Every structure is written in C-alpha cells, then in structure tokens.
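# Overview (structure and organization)
Here are the chains, one letter per residue:
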Amino acid sequence: MTAQLPLPDPRTDILRRVQAALVARFGRVVRPADKRRSPEWTLVQGLVGAQTKTARSNASTDTLLATYGTWDAVADAEVEQLAALLHLQTFPDMSARRLKTCLLAIRARCRAVDLSQLAAIETAAAMDWLEALPGVARKISAQVVNTSTLDRPAMVIEGHHRRIMQRMGLVPPRADTTRCYDELMPVLPPEWSGADMDEHHLLLKQLGQSFCRPRQADCPACPLRADCQVAPRGP
Ligand code: SF4
C-alpha cells in the first residue's frame with residue numbers, strides 16, 4: 001500500500017486569491033528597499049507604537065535617533081526626557097518606560113543596543129530571541145525580522161489583519177496574534193517571499209481601514225466577499 005500524501009490546505013489558495021483581489025482593488029504596495037530600516041530602529045518603532053498611527057511612530061522614532069545619536073544614548077536617557085520626545089504617541093509615558101526597559105535589557109545581553117547578531121541566526125530563533133525581551137510579543141518580533149533590512153519571511157499581524165482573518169474563517173474566531181501567526185505561517189503560499197508577506201499585510205491593513213472596519217463591515221462592496229465566511233450570500 002502506498003502512503004497517501006496529505007491534502008493541501010485550502011487556505012493556501014484562498015490566500016493567493018485574497019492577494020490578487022487586494023492588488024486589483026488597491027494596487028501594489030511594495031516597500032522600497034531604501035525604506036527598510038535597521039532592526040534596532042524597527043524594534044523601537046514597534047515598542048513606542050501602541051495604538052498610534054504608523055506615520056507618527058515613524059516620526060517619533062526618527063526624533064529619538066536624531067536627538068541622541070545612538071540607541072545606547074537613548075537607553076541612557078531619563079524616562080521623562082524620552083516621554084517628552086514621544087509626545088506624538090498615544091501613550092508617551094508608557095512608551096518611554098517600555099522603550100528604556102527593553103533597550104537596557106538588550107544591552108545587558110549584548111553589551112550594546114545592537115541587534116546585528118540576528119542576521120546570523122535563522123528566523124524562528126531570531127523571533128524567540130526578540131520575544132524574550134520585555135515588551136516584545138509576536139507582532140513586534142515579526143515586524144523586526146520582516147520589515148527591517150533583515151527582510152525575512154515572517155507575517156506581521158496587527159489588529160486589522162487579525163480581525164479580517166477571523167471574519168474570513170481562516171483562523172479561529174478568538175485567535176490572538178500568536179495563534180494567528182502559528183495558523184497562517186504554515187499555509188502561506190510557499191512561493192511568497194518576505195516582501196510578499198509584507199505587501200499582504202499592508203494590503204489587509206488598507207482593507208481593514210476601508211471595507212472591513214471594526215464596527216462596520218461593508219461586505220457587499222468588499223473585494224474579498226467571495227471567500228469570506230461572514231459575507232452574506234446572495235439569494
Ligand atoms: S466580506 Fe465583510 S467581513 Fe469579510 S472581509 Fe470583506 S468586509 Fe470583512
């Protein structure tokens with residue numbers, strides 16, 4: 001008797017269709033190579049970015065580096081000074097405390113706020129290393145390895161992305177970010193690169209800000225309705 005090969009997960013083809021439908025609706029969203037920042041910059045942007053628009057968090061992160069010159073100098077700054085520079089953020093005080101605690105933890109492990117060693121280890125191990133830092137969970141660890149100059153295949157999953165995957169039935173209804181990541185990574189189309197995953201996430205974010213909003217889903221006009229469990233079916 002010959003062994004049966006496992007059937008392919010239907011979510012892989014659905015995700016391919018999702019990507020095609022989103023590109024058809026919103027156009028390509030490709031992060032240019034010169035917009036990829038260092039792993040340290042990307043980590044800081046994630047640490048200060050709670051419930052704040054990306055453009056503001058980017059500006060705050062640039063301000064920190066421009067003011068202190070190095071991430072080690074940021075680690076040495078007083079929390080009150082950091083909070084003042086993070087005034088654009090939704091939670092400046094919390095962001096400042098979280099940032100300093102994490103940067104000091106990196107220095108305790110690496111002697112400097114320097115993540116260059118991540119380039120030499122494989123993606124899952126790099127994410128585990130990051131998630132052992134205070135304040136770093138799956139969204140930030142994936143963001144650091146995927147959207148920085150590391151450019152690794154890892155899916156960043158924030159609130160919009162998670163909600164859409166839940167509504168579509170591609171992950172369990174109450175799956176948190178880590179569960180979503182663990183469900184989706186094994187079924188992503190194998191031909192997708194790290195840049196494709198980044199684009200997929202950015203496109204889903206656009207859908208979450210337009211059609212699939214938290215309280216008001218515009219299912220009749222949504223480009224993903226054919227593959228969505230929540231979308232009302234026609235007569
Ligand atoms: S069909 Fe509705 S619930 Fe499904 S992804 Fe689109 S807007 Fe969201």
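Residues numbered from 1 in each chain as written. Predicted model: local features only at pLDDT ≥ 70, side-chain atom pairs only at ≥ 80, totals over all residues.

Below, the discussion takes up the domain arrangement of the protein. Examined at the domain level, the protein breaks down into domain 1 (10-31 + 156-227) and domain 2 (37-147). Computed over C-alpha atoms only, the centres of domain 1 and domain 2 are separated by 26 Å. Contacts between domain 1 and domain 2 engage 10 residues on the former and seven residues on the latter. Sorting the residues of the side of domain 1 that touches domain 2 by element identifies helix H10 (177-184) and helix H11 (194-210) as the ones contributing at least two each. (Domains from an automatic or database assignment. Contact = placed C-beta atoms within 7 Å. Helix = DSSP H or I, 4+ residues; strand = E, 2+ residues; numbered from the N terminus.)

The phi torsion at Gln51 lies on the positive side, around 50°, for a residue other than glycine. Positionally, Gln51 belongs in the loop between helix H2 (39-48) and helix H3 (54-68). The backbone of Asp151 shows a phi angle near 50°, a positive value even though the residue is not glycine. Structurally, the position occupied by Asp151 is in the loop between helix H8 (138-147) and helix H9 (159-168).

Here we come to the nonpolar core. Judged by nonpolar contacts, the single largest core of 52 residues is most densely connected at Leu99, Leu103, Ala142 and Met155. When residues of this core are assigned to domains, at least three map to each of domain 1 (10-31 + 156-227) and domain 2 (37-147). In this structure Met155 touches Ala142, Tyr181, Leu184, Met185, Leu188, Met197 and His201, once residues within four positions along its chain are discounted. (Core = buried A, V, L, I, M, F, W, Y, C linked by C-beta atoms within 7 Å. Buried ≥ 20, exposed ≤ 12 C-beta atoms within 10 Å, placed from the backbone.)

What follows deals with the site of the ligand. Contacts to the ligand come from 14 residues, most closely from Cys212, Cys219, Cys222, Cys228 and Ala231. Looking at the shell around the ligand residue by residue, the classes come out as 11 nonpolar, no polar and three charged. (Near = placed C-beta within 6 Å. Nonpolar A, V, L, I, M, F, W, Y, C, P; charged D, E, K, R; others polar.)

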